[in-house]
Amino acid sequence: MTAVQADPQIDRPTVADGAALWRMAKDSKVLDLNSSYSYLLWCRDFAATSAVARDEHGEPMGFITGYVRPDSPRTLLVWQVAVDEAHRGRGLAAALLDGLVARTADELGVTTVETTITPGNTASERLFTSFAERHGARLEREVLFDAGLFPDGPHDAEVLYRIGPLPH
């Protein structure tokens, strides 16, 4: 993996980014695609716990959506991570994750990151494993949702990755 060439602009998504986020999720062919409406809502209601990377023209190149768990306000749950195909392989997902976690730690007191990953999604497994290693944080894994819980056809289990506590 080569490093991101220039520091990407990483900031909060806006409602105007919703369509681009939906397209990136759709084009990933890996993520569970939510409705376009849900990406618009996410950019409005969860912008503080999400991030978008922009190119030199301000266009989204990648995103992370997340939220703070209501019953665990120091835990950021990362919902989706996507990078536009033209920008993959340059460390953009790691830069997005580092930037989002640093911002939510500063602003919201986040000390733990959680995400779920389906077995065999090696890109996500590597992203979150290397994040834990970079930050010297413990990584625990356990099945959160067994495959049999999904009512809409075959779906792999979702494995919970819990990273933390993060150093200050």
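Residues numbered from 1 in each chain as written. Predicted model: local features only at pLDDT ≥ 70, side-chain atom pairs only at ≥ 80, totals over all residues. Heavy atoms only, no water.

The chain carries the name L-2,4-diaminobutyric acid acetyltransferase in an unreviewed UniProt entry, which gives Streptomyces variegatus as its organism. According to UniProt, the comment filed for the chain under the heading Sequence similarities (unreviewed entry) is "Belongs to the acetyltransferase family. EctA subfamily." For the record of the chain, the UniProt heading Pathway (unreviewed entry) holds the text "Amine and polyamine biosynthesis; ectoine biosynthesis; L-ectoine from L-aspartate 4-semialdehyde: step 2/3." (UniProt positions renumbered as here; feature names shortened; annotations may be inferred.)

(A) Examining a nonpolar patch on the surface more closely. Where nonpolar side chains cluster on the molecular surface, the patch consists of L144, F145 and L149 and spans about 290 Å² of accessible area. On the secondary structure map, L149 appears in the loop between strand 6 (139-145) and strand 7 (158-163). For L149, a relative accessible area of 58% gives the class exposed. (Patch = residues over 30% accessible without salt bridge, like charges linked within 9 Å, V, L, I, M, F, W, Y side chains within 5 Å. Areas by Shrake-Rupley, 256 points an atom, 1.4 Å probe, with all protein chains shown as cover. Salt bridge = Lys/Arg side-chain N within 4 Å of Asp/Glu carboxyl O. Helix = DSSP H or I, 4+ residues; strand = E, 2+ residues; numbered from the N terminus. Buried < 20%, exposed > 50% of the residue type's maximum accessible area, 1.4 Å probe, protein only.)

(B) Spatial organisation of the nonpolar core. The biggest cluster of nonpolar side chains holds 26 residues, and the ones touching the most others in it are V78, L97, V113, F128 and I163. Looking at this core, the elements with two or more residues in it are strand 2 (51-54), strand 3 (60-69), strand 4 (72-83), helix 3 (92-108), strand 5 (112-117), helix 4 (122-134) and strand 7. Here the element with the most residues in this core is helix 3; it accounts for six residues. L21, M24, F63 and A82 belong to the second-largest nonpolar core, a separate cluster that totals eight residues. (Core = buried A, V, L, I, M, F, W, Y, C linked by side-chain atoms within 4.5 Å.)

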